[in-house]
Amino acid sequence: MKNKTTMSRESKRKLNGIYSMAIASIFSIVVFAYLPKVSGDVTYSFVLDKEWVLIQQWVIDSRVGAYGFSALSVLFTALAYYLFRKGKKHGIAIFGFSIGFFMAFLCWASAGDFVPFTGLLQGGLILAVPLIYGSLAGLVCERSGVINIAIEGQLLGSAFVAGVVGSLLQNAWYGLLVAPFAGALISVLLAVFAIKYRIDQVILGFVINVLVIGLTSFAAQRFLREDSEKWNESPILQPINIPILYKLPIIGPMFFSQTIIIYLLYVIIIVTQIALFKSKWGLRMRSVGELPVAAESVGIDVNKVRFRNVIIAGAIAGFGGAYFTVGSVGAFSREMTAGMGFIALAALIFGRWTPLGALSAALVFGFADQLRSVLSIAGTPIPSAFMMMVPYIATIIAVSGFVGRVRAPAADGIPYQRGGSH
Amino acid sequence: MSLELRGITKQFGSLVANDDINFKVEAGEIHAILGENGAGKSTLMNIVYGLLAPDKGQILVDGQEIKIKSPLDALAAGIGMVHQHFMLIPVFTVAENIVLGHEKTNRAGLLDLATAREEIIRVSKEFNFEVDPDALIEDLPVGIQQRVEIIRALIYNSKILILDEPTAVLTPQETDELLANMKKLRDSGRSIVFITHKLREVKAVADRISIIRRGKVVGTVQPSASQEEMASLMVGRPVDLTVNKADGKPGKTILEMVDLNVLDTTGRALASKINLTVSAGEVVAVAGVQGNGQSELAEAIVGLREHLTGSIKLSGNELIGRSVDECLKAGIAYVPESRELDGLISSFSITENLILDTHGEAPYSKGIFYKPAMAHQVALERIKEFDIRAQSANDPASSLSGGNKQKVVLARELSRPVELVVVCQPTRGLDVGSIEFVHQRLISERDSGRAVLLFSTELDEVFALADRIAIMYRGEIIAIVPATASREEVGLYMAGIRTATAKGGAA
Amino acid sequence: MIKKILDKTLLPLFAFLLALFVGGLVIGFTDNKVLAKISSPIEFLKILGSTVGNAYLALFQGAIYDPNLAEGKSFMAGFYPLSETMVATAPLILCGLSVALAFKSGLFNIGAQGQFIFGAVGASYIGFKYEMPMVMHIMVATLAGLILAALWGGIVGLLKAKTGAHEVIVTIMLNYIAAKFLLFLLSTQYFLRPGRLDPIAPSVKETAKLPSLFGVDYRVNIGIFIALAAAVFIWWLLNRSIIGFRFRAVGANSSAARTAGISVSAAMIATMAISGALAGMGGAIHTLGNQYELTDTVAATFGFDAITVALLGRGTPLGVVLASFLFAGLRVGGQTMQANVGVPVEIVLVIQALVVLFIAAPDLVKRIFKLRNLQEASAMASKGWNG
C-alpha cells in the first residue's frame, strides 16, 4: 500500500516537471518569438580552434529561430509526456527540451548579434568546474551526515596554497599537487569541531569560511603584495589536447582540449557516481548519513567513516580551489572565490544530493553565468544582475518544493554520539 | 551457545541503570527478561551488544569471558540483536541493509549483492519468511521489517539472539507468528533472550524468566509461576492491575464524528469513514495496533490535521476548519501520544509548561503582556493538586521523571474547562505507580461527567478503563463492542478479522 | 547572583582571550622582524612580545582612546576612536538582535545581510529623494527601510512555514539575490547619482541625517540609542509578552507548541519579519548615521558579524549589546592598527572567527583552561537540514 503512494508521489513530481516544461515552452513562444517587435539576424559561430570544421557559421533571423527552437521544445515536451505515460525514462526529452528552450532564448536575447557558440559552451564548462568540484565536496560530506557550508573556505584556502606553492617553486604542477592537502586540512577543522566537539555545523561552516578569508587576506596583504614576484606569480597549467578527440567539432575544444584539472574532474565525477551507489564506501557513507545508529549496530564506526569522508571532501574541493590559481590566472587575489562555494552548495541541493544532479545543476549555473558575460558584451534585454541571480532563485525554488520536495540525507547535520540514545 | 552475565553495572550520572546484574542463558533456551519500563532491560542488552560500555562486569559466552567493545565484537561472538527500534536504513533495500557492515566486493571493487540475495532467499525459505531482497525498507510493513532483522542475525550466523520488546509494534496475529518462530529458532539450537514487559507473552514462550527491577535482578522463575507473582516481583509490591470503577452513566452526546475521513497531502486516507460518538460520563477506548490511523484520528479531533472531510461535532458545534487553539478552547483536553515531542517543551520550566495552551488568557496575561508571577502562583497550585514531584516550579520539564512529566500534561489539560478529554497512549513508558495514578484520574474525570476518548494500543489498559471499545484497523473503525467483549474477540478485530460471532457485539 | 553572572561571562571571556592569543601568534609569526630572530630564543620572545603588544595597543587606541589625539587638545579629544566605535556598534547591535531573536524562535537567520541591504535601500531612497522636516524625515526614512526589510525577511518565514524550505539555505540565497538586486538598483536612473557611472546613490539630505550627540567633532549619533532601545524592546518582547512566549515555545519545540494551539506558521513569519525589520533598521541607521550614500558595498560584513555577535552574546539582548561593542571596536581599531603598525586589518576576521569557534565548542575551552563547572553555551542545538 505504502509502495504505491511513494511511487505516485514520485510520478506526481515528474508530472509537475512536465507541466513546467509545457508552460516554459509556451512562455518561449510568446516571449521569445511572438512579442519582440523587431527581429534581426543572429550569427552563431562554431569554430574555436583547430578542430575539424563542420559548419563555420550559421545565420538565422531571430524570430524564425525563436519559433523554430520553441517548436523543438514543445516537441520534446510532448515526447516527455509520451514516454512518461509509457512508464519509460524521459531524461533525453528533458535534455532536448532544454536545448530548444535555451536556443530560443539565445535567438531572442542576441538578435542582431554575433554569438560565439562553441566559446559559450566551453566558457560555461570552465565556469562550472569549481562549482562541480565544490558540489562534489559538499556531496561526500553531506551524504556522510556532515553539513558542509565551508566549501567556500575549502576552495579559497586551497586556491591560496596552490598559487603560493606554484609561485615559490615556479611550477604549476606542485601547486596542483598540494591543493588537495590544503583542502583536506581545512576539512580537518570541520571534522574535528563537527564530529568531536559536535558544534552546530552551519555555524561551524560559516566560521571556517571567515577564518579562511581572514587568514588568506591577511597573508595576501602581508606577503603577496609586498613581494609578489616571489609569492604570487605562479605559472599556470597548460591545456592538453587529447589526440583525435579534441578535433571533434564543437565538443572537441569544449571537452578534450583542457587542463589536467578538468580531465581529473571527469574521473572524479564518474567514480563518485558509481561508488556512491555501488561500492562499500558509498554504502557505508550513505548509511551513516541516513541512520547512523543502524550503521553502528552492524559494527561500523560512524564517526570514523564521517571523519574520513569529510577529509576526502576537502581534498576534492582542493582541486577545485587549485583551478582558481594554477588552473586559470596564476595569481591569488583576496576573496577570489567570490561566493562560488555557496553556488556549489546550491548546485548540490538543486541536484538533490546526487553526483549527476549536482553536475547538471553546476553546468546550468556555469552556462547561465557565461551567457551573462557574453550577453552583457552584446547588450541584452535582461539586466545582468538578474542573470546573476539565476542559481540562487533556482535553489530557493528547489528547496521550496515547487518542483517536488528535495530531501537531504536524514542525518545530515546531526552529530552522532555513541550510545547517545539509550 | 550459552551466554552469562556477571556483575554488570552501568550508571548514567546519578541513575544506576544496571546494578550488579547476574544471569545465564543456556544453549537452546528462551530466556525472558521481564521488567517494567525503565527497569534497565534495554541498557543491559545494549551492553551485551556492544552499543554501551559497562562500568563493571563480565560477559561470558560458552564459559569464556569475551570483551565486547562494539557490535562487531558481539556479532563475532555469535550474538545477534533484533532492536526495539529497527536498525534498518529506510532508503536502502533489504539486501543493502543486510550486507551493510559485512560487505563483500567483486573484482571491480563494487558491492556483491547477488550473494546476499541468494542467502536472504535461502534463509527466508528455511523459516517460511517471505522477504523480497530488493524491496526498500520504508515500503515494508513493520512485521516484515522485523523479519529482515531476524534474517540478518541468522545470516551473520548468530547463535544467541536478543529480541528487545519485539511485540510492541505487532498485531496479536503477528505476535503469535513471532512467538512460533522463536520456538522454531530455539529448536534449531539457538539461544534466545526475550526482553519484554508483557506477562502473557512470557508465559506463552519462555523456558525461564529473569525479572529485573530498578536495575537489579530480583528473581528467576519458571513460566508456570502465576502472573500475580511475576507482577509483584516486577513492581516490588503486590499489584492489582484492575481499576476500581463503577459502571459509567452516559449522559448527553458530547463528541460526534460522522463519516470522517482524514487524508494526507496526496489525498490518501489515513483514517476513513469514521462514525463514533462519545457521551458525557463514559470512556470510549479506541483500540488497535499502532499505525492503524488512531494517531491521525486523535489529531484530527483537535485540529492538528488539515485535510478532513465529514463532520466532527463537539456538543453540536462543528470543529472541522477550526484551528488547534479554537478546538482546545471549544472544550477539549488533549494528551498527546508523545509527551517528549508533543506534550511538553523540555527546556521550558514546569510553570511555562503548565500554561502552554492558556498563556494568552487571564490571569497569565493581559493584552499582549505576559505575567510570569501569576503563572508561577497558579503553577504551585497545580503541582500540589496533581502531586508533581519537582524541586521547583522553575526547573525545566526535562528534569522530571516520565510519570511526573505526564502529570504536568494532565494537570495542564484537565484544569481547563473542558467537556471532552482525548488521551493517547497515556501510560506508555510509565512505571506502575504512575499508571495507577493516570488510570484513577481518568476514571474520576469520567465520573465528574466529562466524556473521555482513550486511544491505546495496550489491551490491558483498554479493558481496565473502557465502557465501550472501538477497534481501528487500516484507518477504519471495524467494530464497536461493549467492555464485556472478550479479549480474543477484540484481538481478532485488531488483526482485521470480522468474524461472524463478533458481529453480534458490533454496535 | 554574582556567581551566576560570572558563570555566564567566563566562557565568552576565556574564548576571547584564547582568540587574542592565537591571533597574536599569527601576527608575530608572520612578521619578518620577528622571524629574523628565530635563532635566539630570548630575543625572539622579546620581539615577539613587543610586536604583538604594539599591534594590540594600536588596536586599542584605534577603538577606545588615543592619547596622541588628545595631545595639544583637551583630554576628551582622545575619545574620538570610541565615538567611531559607537557609530559602528549601533547597526551591529540591530543586526545581532535580528539573528538572536530568530535563534530564540528556532530559526537560523543567515539573512541579516540581505535584510540590511533592503533597510539601507529604503532609508537611502527616502533620504535623498524627498524633502521633509528633520525628525519626520529620519522617521519616515527609517520606517521605509524597516518595512522593506521586514518584507524581505518575511519571505523566509513564509517559505519555511508554507513549504518547509530550510531557512539557512533560503537566507544564504536571498543574501546574494539582495546584493545583486542592489547592484541592479544602483544602475537604474532612480538611484544613480547624476554625473556618475559607478554604483553610488546621491547623499541623503541633511534633514535625514541622524543628529550627533556631542557636536560636530564626534560622529557618534542617536543611532546608538535607537539600537539600545531596540535591545530593551526585544528583551521585553521575549520575556514579558505573549508573542515572545510563543516565539520561544516554537523555537524550543515547535511540535509541542503546535499541539498546544500555538500557530507555528504565524510565529515563524512574524519572527522573520521582525528579524528582518531589525536588520533593516541596522541598514537604515548605517545609511543615515554613517554612510549617508548608498553603494554596492553598503552592507560590508554586517550580516556575518551579526551571527558572531549573536553567538558571542548567547542570544540575549544584553549579550548582543556587549558583543557588538567588542566586535565594532575590533573592526574600527583594526583600521588604526593597519595604518600605525602595518598589521593587516584582516587579523580581526581571524580573531572574530576564533572567538565564535571557541564559544561554540565549550568543551575545548574547558579543556584548555582546565575549567570544570563552566556553564555550557549551547546557544544553538545542532539540527540537520531536515529539521
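Residues numbered from 1 in each chain as written. Chains lettered and ligands numbered in written order. Predicted model: local features only at pLDDT ≥ 70, side-chain atom pairs only at ≥ 80, totals over all residues. Heavy atoms only, no water.

(A) Representation of the overall build of chain A within the structure. The helix and strand inventory of chain A stands at 16 helices and five strands. What you see for chain A is a C-alpha radius of gyration of 23 Å, in line with the 22 Å of a compact globule of 422 residues. Its C-alpha atoms put chain A at 70 × 65 × 40 Å along the principal axes. In chain A, which comprises 422 residues, the proportion classed as buried is 57%. Here the analysis covers contacts within chain A between residues at least 6 apart in sequence; of these, 75% occur between residues at least 24 apart. A total accessible area of about 17,000 Å² is found for chain A, and carbon and sulfur atoms account for 68% of it. (Helix = DSSP H or I, 4+ residues; strand = E, 2+ residues; numbered from the N terminus. Rg over C-alpha atoms; globule rule 2.2 N^0.38 Å. Buried < 20%, exposed > 50% of the residue type's maximum accessible area, 1.4 Å probe, protein only. Contact = heavy atoms within 4.5 Å. Areas by Shrake-Rupley, 256 points an atom, 1.4 Å probe, with all protein chains shown as cover.)

(B) Here's a closer look at the domain arrangement of chain A. Residues and elements named next belong to chain A. When the domains of chain A are assigned, the result is domain 1 (2-112) and domain 2 (120-400). For the pair domain 1 and domain 2, the summed buried area comes to about 1,400 Å², and 76% of that belongs to carbon and sulfur atoms. Our count for the domain 1 to domain 2 interface comes out at zero salt bridges. Between domain 1 and domain 2 we count zero residue pairs in polar contact (both at pLDDT 80 or more) in total. Top contributing element to the side of domain 1 that touches domain 2 by residue count: helix α3 (residues 91-109), with five residues. Counted by class, the side of domain 1 that touches domain 2 contains nine nonpolar, one polar and three charged residues. (Domains from an automatic or database assignment. Buried area = accessible area lost by both parts, 1.4 Å probe. Salt bridge = Lys/Arg side-chain N within 4 Å of Asp/Glu carboxyl O. Polar contact = N/O pair within 3.5 Å; in protein donor to acceptor, adjacent residues only side chain to side chain. Nonpolar A, V, L, I, M, F, W, Y, C, P; charged D, E, K, R; others polar.)

(C) Highlighting unusual backbone geometry. Residue and element names in this part refer to chain B. Here the amide bond leading from alanine 362 into proline 363 is cis, since omega sits at 0°, within 30 degrees of zero. Position of proline 363 among the secondary structure elements: in the loop between α12 (350-354) and β17 (365-366). Look at aspartate 387: it is not a glycine, yet its phi comes out positive at around 55°. Topologically, aspartate 387 is positioned in the loop between α13 (372-385) and α14 (402-414). Of the residues examined, aspartate 387 reaches a relative accessible area of 34% and is grouped as partly exposed. Of note in the backbone geometry, glutamine 425 takes a positive phi value of approximately 40° without being a glycine. Residue placement: glutamine 425 occurs in the loop between β19 (420-424) and α15 (432-447). Using a relative accessible area of 5% as the deciding quantity, one classes glutamine 425 as buried.

(D) Local environment of the packing of aromatic side chains. For the coordinates displayed, the defined rule picks out 42 aromatic pairs over all chains. Among the aromatic side chains, those forming a connected cluster through ring pairs are A:Phe27, A:Phe32, A:Phe97, A:Phe101, A:Phe105 and A:Trp108. A cation over a ring is seen here: B:Lys407 above B:Phe437, with NZ or CZ 4.8 Å from the ring centre. Sitting over the face of the ring of C:Tyr292, C:Lys209 holds its NZ or CZ atom 4.3 Å from the ring centroid. (Phe/Tyr/Trp six-rings, centres within 6.5 Å; stacked < 30°, edge-to-face > 60°. Lys NZ or Arg CZ within 6 Å of the ring centre and 35° of its normal.)

(E) Summary view of the interface of chain A and chain C. Contacts between the two partners involve 52 residues from chain A, matched on the other side by 49 residues from chain C. Summed over both partners, the interface of chain A with chain C comes to about 4,500 Å²; 76% of that surface belongs to carbon and sulfur atoms. On the chain A side of the interface with chain C, the three residues burying the most area are A:Tyr197, A:Phe218 and A:Arg222, jointly 15% of the side's total. Applying the counting criterion to the chain A and chain C interface returns two salt bridges. Where C:Asp31 meets A:Arg222, a salt bridge forms, and the shortest distance between an N and an O atom there is 3.6 Å. At the junction of chain A and chain C, the tally comes to three residue pairs in polar contact (both at pLDDT 80 or more). Elements with a minimum of two residues in the side of chain A that touches chain C: α6 (172-196), α7 (201-224), α14 (340-350) and α16 (384-399) of chain A.

(F) A look at the interface of chain A and chain B. Taken together, the contact pairs 30 residues of chain A with 35 residues of chain B. Carbon and sulfur atoms make up 64% of the surface buried where chain A meets chain B, a total of about 2,700 Å² over both sides. Scanning the region where chain A abuts chain B turns up two salt bridges. For B:Glu103, the salt bridge is made with A:Arg284, and the minimal N-O distance between the two is 2.8 Å. Run the count over chain A and chain B and you get five residue pairs in polar contact (both at pLDDT 80 or more). The set of elements that each furnish at least two residues to the side of chain A that touches chain B consists of α1 (2-34), α10 (260-278), α11 (280-290) and α12 (292-297) of chain A.

(G) How the structure looks around the packing of helix α2 (residues 62-85) of chain A against α3(A). Residues and elements named next belong to chain A. Interhelical geometry of α2 versus α3 gives an angle of 165° and a closest axis separation of 8 Å. Accordingly, the angle class assigned to the pair α2 and α3 is roughly antiparallel. In this structure, α2 crosses over α3, and the sense of that crossing is left-handed. Touching Ser62, Gly65, Ala66, Phe69, Ser70, Leu72, Ser73, Phe76, Thr77, Leu79 and Ala80 of α2 are Ala93, Gly96, Phe97, Gly100, Phe101, Met103, Ala104 and Cys107, all from α3. Residue composition of the contact of α2 with α3, grouped by class: 12 nonpolar, seven polar and no charged. (Axes fitted to C-alpha atoms, helices over the stretch in contact; angles between N-to-C directions. Parallel < 35°, antiparallel > 145°, perpendicular 65-115°, else oblique. Left-handed = near helix turned anticlockwise from the far one by under 90°.)

(H) How the structure looks around the packing of helix α4 (residues 113-126) of chain B against helix α5 (residues 142-155) of chain B. Residue and element names in this part refer to chain B. The geometry of α4 relative to α5 is characterised by a closest axis approach of 10 Å and an angle of 105° between their N-to-C directions. Between α4 and α5, the crossing angle belongs to the class labelled roughly perpendicular. Between α4 and α5, the contacting residues are Glu119, Ile120, Val123 and Ser124 on the first element and Ile151, Leu154 and Ile155 on the second. Here the residues of the contact of α4 with α5 are counted per class, giving five nonpolar, one polar and one charged.

(I) Representation of a negative patch on the surface in the model. All names here are of chain A. A cluster of acidic residues, Glu226, Asp227, Glu229 and Glu233, forms a negative patch on the protein surface. Considering the arrangement of structural elements, one finds glutamate 226 in the loop between α7 and α8 (228-231). Given the relative accessible area of 62%, glutamate 226 is considered exposed. (Patch = residues over 30% accessible without salt bridge, like charges linked within 9 Å, V, L, I, M, F, W, Y side chains within 5 Å. Lys, Arg positive; Asp, Glu negative; His and termini not counted. Charge placed at Lys NZ, Arg CZ, Asp CG, Glu CD.)

(J) Seen up close, the sheet that holds strand β14 (residues 307-314) of chain B. Residue and element names in this part refer to chain B. Taken in spatial order, the four strands line up as β12-β11-β14-β15 in an open sheet, and their pairing is antiparallel. For this open sheet the edge positions go to β12 (269-279) and β15 (317-318), each flanked by a neighbour on one side alone. Strand contacts of helix α9 (residues 294-301): β11 (253-263), β12 and β14, with the helix running at about 120° to β11, the strand carrying the most contacts. (Pairing = 2+ DSSP bridges.)

(K) Region of interest: helix α16 (residues 362-369) of chain C. Every buried residue belonging to α16(C) is among C:Pro362, C:Leu364, C:Val365 and C:Lys366, and all of these are buried. Residue C:Lys370 follows α16(C) closely and has a positive phi angle near 50°.

(L) View of the nonpolar core. Grouped together as the largest cluster of nonpolar side chains are 227 residues, with contacts concentrated most on A:Ile149, C:Ile172, C:Leu294 and C:Ile347. In terms of residue count, the dominant contributor to this core is α7(A) (15 residues). Among residues more than four places away in sequence, those in contact with C:Ile347 are A:Phe218, C:Gly23, C:Val26, C:Ile27 and C:Met337. With 94 residues, the next largest nonpolar core counts A:Val302, B:Leu140, B:Ile162 and B:Val221 among its residues. (Core = buried A, V, L, I, M, F, W, Y, C linked by side-chain atoms within 4.5 Å.)

(M) Seen up close, the pattern of salt bridges. Residue and element names in this part refer to chain B. All chains considered together, the criterion is met by 50 salt bridges over all chains. Here aspartate 467 ties to arginine 446 by a salt bridge, and the two come within 2.9 Å at their closest N and O atoms. Taken together, the residues span a long stretch of sequence, with aspartate 467 in the loop between α16 (459-465) and β21 (468-473) and arginine 446 in helix α15 at a distance of 21 residues. Pair check on accessibility: aspartate 467 and arginine 446 agree, each one buried. One continuous salt-bridge network, built from bridges that share partners, spans Lys245, Arg446, Asp447 and Asp467.

(N) Local environment of the confidence of the model for chain C. Predicted confidence across chain C gives a mean pLDDT of 90, with 95% of residues reaching 70 or more. Here the predicted complex scores 0.88 on pTM and 0.89 on ipTM. (pLDDT = per-residue confidence, 0-100.)

(O) The arrangement of the environment of B:Glu445 in detail. For B:Glu445, the location among the structural elements is in helix α15. Residues B:Glu445 and B:Arg339 lie 106 residues apart in sequence; the distance between their C-alpha atoms is 20 Å.

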